[in-house]
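Analysis of the macromolecular model
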Amino acid sequence: MIESLRRWLRGVCVAVLVAGSGSAAYAVPWLPFGPDGGDVRSFAADPMNPAHVYMGTANGWIYETTDGGAKWQRLARIGRRDDLVLDSIVVDVENPKHILVGAWVTDRPDGGIFVSQDAGHTWTSNAEMSGQSIRALTAAPSDAKILIAGALSGVYRSTDGGRRWERISPAGSTEIHEIESLAVDTHDPQIIYAGTWHLPWKTVDGGAHWKNIKAGIIEDSDVFSIIVDDRDNRTIYASACSGIYKSESAGELFKKVQGIPSTARRTRVLMQDPVHPDIVFAGTTEGLFRTSDAGQDWRRMTRPEEIINDVYIDPKNPDHMLVATDRAGVLMSNDGGFTYRSSNSGFSARQISAYASDSRNPAQIYVGVVNDKDSGGAFVSRDGGIRWEQRAEGLGGRDVFALAVAPDNTVIAGTNHGIFTLHDSMWQEYGTEATASVAPMEYSGPGPADPGLAVSPLRKRGVATRTTVKKPAAVNVPKKIAGFEGAVYALLSTGYDVYAATQQGLLASTSSGASWRQVVTAGTAPLRYLAAGDGKLVAADLKRMEVSSDGARSWKAVKLPAGLTQISGLAVDGSGEIWVVGGEGIWFSGDDGARWQMVPKLNLNDVNSVYYDAAGQRVLVTANNSSTFACAIAVAGKAVQCWDTGWHLRLLRPVGDHMVAATLFDGIVVQPRMVDSKGRD
C-alpha cells in the first residue's frame, strides 16, 4: 500500500530544492484530499454555461464545477482569509468573467464585497465596501449594471457594475438595517425589496422613500429570503423565522403559506423553478420542501436533518438541481428534486480534530471531525489520505476530539460526550456495567499506533520500531465510571494500556477500551494532553503538567517554561525529552522541567501542535500564525527543516516517506513527492 501511494505521489511531484538544517523546502501547495463535504453557503451559474457553477463556502473558499456539480475544484480563497462566509455570488450576465461576492464574518461586523475580472481566479476587495458585513447581494434582472447590497448597516446600490457604491437606506435608521435578503423587481430596478432581522421593507423610487410591508406577517420576523415571481411581478414570496409568506399585491398584503412544519420555519432560501414557475422550493433548517402549485401544498424532499442554505436549478434542464447544505455539502438531484445524492467530489471543508494510524498498516489512517453532526464523526482512509470512508454510525452526531488505535487494533474515539470503540464499522459506547478482574493482554509486534501524542512509555531508549511487553499479573479493575458522558480531549495508546485525558481527569484501560479505571494524578481535572516515551508518561492541562515514571502509579509536578502562558501541545521523544508548545514558541527539557530550552534558529510562534515521529527521530510542529509553514526538528542536534505547505495546519503526521496534515478548516492535505531541482529522488 505504501509503495502504491509512493508511485502515485511521484506522479504529482514537483522539482524543489531539498532543504538542509535551518532551511525551508519550497514546493507547490500540498494537495487537498478530503474527507469530502462540509458547509456550503451559495451557488451562482455562468449565464453562458449552466453547467459551470460557482460555490461559496463558510471558510472563504470559492469553488467551481464545469460538469454541473459532479466534481468540484478549489478556485480561490477570497481575501486570503478563512473566516469569510460567502452567502452571495453574482455573475455578470453581460460579462461572465466579471464576478462579485458578498462576504461576512460570524463573530463580528466585518466582511466586504470582492470582485474578480478573470472568472474567479484572482480577487480584489472593493474599497468602499471594505469591512461591511454583506448578508445579501443581487443584480437587477432588467439591468446588470445595477447591483444592490444588503449589509448590517443598511442597503447600498451600485449603478456601474459594482465599482462605486452609495447607501440608499436612511443613514442612522432604527429600522432599515441588518439586511438579510434582497430582491429587485423583474422590470423596474427602482423597486427593491429588503428583508431585515425585523420584517420586510420596500422602495419604489430607488431608495428615496421606504415603506414597511408587514401586513399579514407575524411581528418580529427575520426575513431570510425574498423572490419576485418571473411571470407576475405582483407575486412575492418571503420566508421568515415565523414561516413562509406569499403576496399577490406586490407586498401590500401577505398570507402565510401552510404545510411546512413549525419546527422547519427557519427558511433560509426560496427558489422558483425558472421553467415551471408554480414550482417553488423552500430550504429550511429541517430539509428542503417543494410545492408544484404555487404554494398551496408542500412536500418535504430531503431528510429532515438537512439544513438548506441555497438551491440552484439548471435553467436549461430544471430536473437538474444542486442543494447547498450545512455539514453534508452538496446534494444533487436529476429528477426535479424528488431524489438526491451526495455530490462532493473535490470539495472538503472539514474541521479535523483527531488523528490516529494503524501500526500494522501505516497507510490506514483515521481522522475525527467536529461540528458536522451525522455528516461527520470519523473517517478512515486505506491509502494514506487519498480516499475516505465515513465511520459515524453509533456516534449519534457527537464531535470526535481524540482517536487512538489500541494494541489489538481496536479503534477508540473520545468525543464531546463519552468514549466509543469501533466494531465492524459500528461505534459502541462505553457502558456502565460493573466488571471483574481483567488481565492485560500480552503484546508483541510493531510499536503501537499513536493518535498524535507520543510513543509507548515502555519502549526502551533508542528502540523505535518494535516493542515487546511481558504480560503482567492481573490487576483489579474497579467498576466502570458510571454513566461517563464527559468530554475526552486526548487518547494515548501505549504497549498494553490506553489512557484518556478527560474533563474528569485521567482514565486508563487495559482492555482496549472495553473497561476503564480512574487514575489518580497529582493535580486536578480536567486534562487535555498526553504524551509518553522512554518509560515516562506526561499529562497536562492548559496551565500545568505532571510526569510519571512508574506506569501512572505516582506523579510529580513539572514546572513550565517561564515564557509559556498556555500549553497547546505536548510530546516526549525517544530519549525522554519533554516537548511543550504554546503561543510563545517551542521548548524542550531533558530533566523533567528542571531546565527548559527553546529550539535555536526557529522563530515560530502561535504553535498549535507537536508530535514525536519515532521512525524519523524528529519532532513535527505546526502553527496558527500567518505563515503556512510546518517544521521538523531533529532530536539529535536540533536541526530544523521546514516546508511551506500552502495551508494553515493543526497537525502533521508521517505516512511512509511522505506526510499528511490536517488543515484548520479544509480537511486533510497530502505532501507531494519531493525531489530536488535536478530530479533526484
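Residues numbered from 1 in each chain as written. Predicted model: local features only at pLDDT ≥ 70, side-chain atom pairs only at ≥ 80, totals over all residues. Heavy atoms only, no water.

**Quick look at the environment of S425**
What counts here: Note on conventions: DSSP H or I runs of at least 4 residues are helices, E runs of at least 2 residues are strands, and numbering of each starts at the N terminus. Think of it in three bands: with a 1.4 Å probe and only protein chains considered, a residue is buried below 20% of the maximum accessible area for its type, exposed above 50%, and partly exposed in between.
One can find S425 in the loop between β38 (418–423) and β39 (426–429). A relative accessible area of 38% means that S425 is categorised as partly exposed. Through-space distance from the C-alpha of S425 to that of G394 is 9.2 Å; in sequence the pair is 31 residues apart.

**Structural notes on the nonpolar core**
Applicable threshold: Nonpolar cores are built from buried Ala, Val, Leu, Ile, Met, Phe, Trp, Tyr and Cys residues. Side-chain atoms within 4.5 Å join them into one set. By definition, residues are in contact when any of their heavy atoms lie within 4.5 Å.
Counting residues in hydrophobic clusters, the biggest one holds 26 residues, and the most contacted among them are W30, F43, M55, W72 and L322. Of all the secondary-structure elements, those providing two or more residues to this core are β4 (40–46), β5 (49–57), β6 (61–65), β29 (321–325), β30 (330–333), β56 (629–634), β58 (649–655) and β59 (658–663). In contact with M55, not counting residues within four places along its chain, are V40, S42, F43, W61, I62, Y63, W72, I89, V330 and F347. Core analysis: the next-biggest nonpolar cluster, separate from the first, contains 20 residues, L604, Y612, A614 and I633 among them.

**Considerations on the pattern of salt bridges**
Convention followed: Each salt bridge in this description consists of a side-chain nitrogen of Lys or Arg and a carboxyl oxygen of Asp or Glu lying within 4 Å of one another.
Scanning all chains against the criterion turns up 35 salt bridges. A salt bridge links R303 to E306; the shortest N-O distance between them is 3.1 Å. A relative accessible area of 41% means that R303 is categorised as partly exposed. Notably, a salt bridge pairs R544 with D541, separated by 2.9 Å at the nearest N-O pair. As far as the burial class goes, R544 and D541 line up, both buried.

**Some points on unusual backbone geometry**
In this structure, the amide linkage connecting G34 to the following residue, P35, adopts the cis form with an omega of 5°. Residue placement: P35 occurs in the loop between β3 (31–32) and β4. Of note, K601 is a non-glycine position whose phi angle comes to about 60°, a positive value. Mapped onto the elements of the fold, K601 is located in the loop between β53 (597–598) and β54 (607–613).

**Some points on the packing of aromatic side chains**
The cut-off we apply is this: Note on aromatic contacts: the rings of Phe and Tyr and the six-membered ring of Trp form a pair at centre separations within 6.5 Å, being stacked when their planes are under 30 degrees apart, edge-to-face when over 60 apart, and tilted otherwise. Should the NZ of a Lys or the CZ of an Arg lie within 6 Å of a ring centre and within 35 degrees of the ring normal, that charge is described as sitting over the ring.
Within the structure shown, the criterion is met by 6 aromatic pairs. With centroids separated by 6.3 Å and ring planes inclined at 20°, the aromatic side chains of F43 and W72 adopt a geometry described as stacked. Pair noted here: F43 is in strand β4 and W72 is in the loop between β6 and β7 (73–77), with a separation of 29 residues, a long-range link. Residue classification places F43 among the buried positions, given a relative accessible area of 8%. With centroids separated by 5.0 Å and ring planes inclined at 85°, the aromatic side chains of Y63 and F347 adopt a geometry described as edge-to-face. Placement of the pair is Y63 in strand β6 and F347 in the loop between β31 (341–342) and β32 (352–358), with a sequence separation of 284 residues. On the basis of relative accessibility, which here comes to 1%, the residue Y63 falls in the buried class. Residue F347 is classed as buried on the basis of its relative accessible area, which comes to 0%. Put simply, the rings of W61, Y63, F347 and W647 pair up and form one aromatic cluster. The ring of W61 is capped by R74, whose NZ or CZ atom sits 5.2 Å from the centre of that ring.

**Details of the pairing of strand β18 (residues 200–203)**
Our working rule: The criterion for strand pairing is that DSSP finds at least two bridges linking the strands in question.
Residues of β18 alternate between two faces, with P200 and K202 on one and W201 and T203 on the opposite face, all of them buried. Pairing of strand β17 (residues 192–196) with β18 involves 4 bridges; the strand directions are antiparallel. Looking across to β18, one finds that Y193 is bridged to K202. Hairpin connection of β17 to β18: 3 residues between the antiparallel strands, including L199 at a positive phi of 75°. Here β18 runs beside strand β19 (residues 211–212); their pairing, made up of 2 bridges, is antiparallel. Note that in β19 the partner of K202 across the bridge is K211.

**A closer look at the environment of Y312**
Our working rule: Pairs of N or O atoms within 3.5 Å make up the polar contacts considered here, provided that, within protein, one atom can donate a hydrogen while the other can accept it, and that residues adjacent in sequence are counted only when both atoms are side-chain atoms.
Here Y312 shows up in strand β28 (residues 308–313). For Y312 and L322, which are 10 residues apart along the polypeptide, the C-alpha to C-alpha distance reads 5.0 Å. When near neighbours in sequence (up to four residues on either side) are disregarded, Y312 contacts F43, A45, P50, V53, H320, M321 and L322. Polar contacts involving the side chain of Y312 include one to the main-chain carbonyl oxygen of P50, which spans 2.8 Å.

**Here we look at the pairing of β56**
Note that strand β55 (residues 618–623) and β56 share 5 bridges and pair antiparallel. Note on β56: the bridge partner recorded for R618 is A634. Hairpin connection of β56 to strand β57 (residues 640–644): 5 residues between the antiparallel strands, including G637 at a positive phi of 90°.

**Considering the confidence of the model for the protein chain**
Let me state the cut-off plainly: Scored from 0 to 100, pLDDT reflects the predictor's confidence in each residue.
In this model, the protein chain carries a mean pLDDT of 86, and residues with pLDDT of at least 70 account for 86%. Overall, residues 432–480 carries pLDDT values under 50, and its contacts beyond four positions in sequence, including any with other chains, amount to 141 contacts. Predicted confidence for residues 674–681 stays below pLDDT 50, and this span has 18 contacts to residues more than four positions away or in other chains.

**Comments concerning the sheet that holds β17**
Sheet architecture is open: 4 strands sit in the order β16-β17-β18-β19, paired in antiparallel fashion. The sheet is open, and its two borders are formed by β16 (179–184) and β19, each paired with just one other strand.

**Quick word on the side chain of T186**
Mapping T186 onto the fold places it in the loop between β16 and β17. For T186, a relative accessible area of 15% translates into the label buried. T186 has contacts with P141, S142, V228, D229, D230 and N233, leaving out every residue within four places of it along the chain.

**Section: the state of the cysteines**
Covalent bonding between the sulfur atoms of two cysteines defines a disulfide. The test is simple: The disulfide definition used here is simple: a pair of cysteine sulfur atoms within 2.5 Å.
Enumeration according to the criterion identifies 1 disulfide in this entry. There is a disulfide in this structure between C631 and C642, and the S-S distance comes to 2.1 Å. Looking along the S-S bond of the C631-C642 disulfide, the torsion reads about 100°, which is the right-handed sense. Remark: C642 occurs in strand β57 and C631 occurs in strand β56; sequence separation between them is 11 residues. The two residues C631 and C642 agree in class, both being buried.

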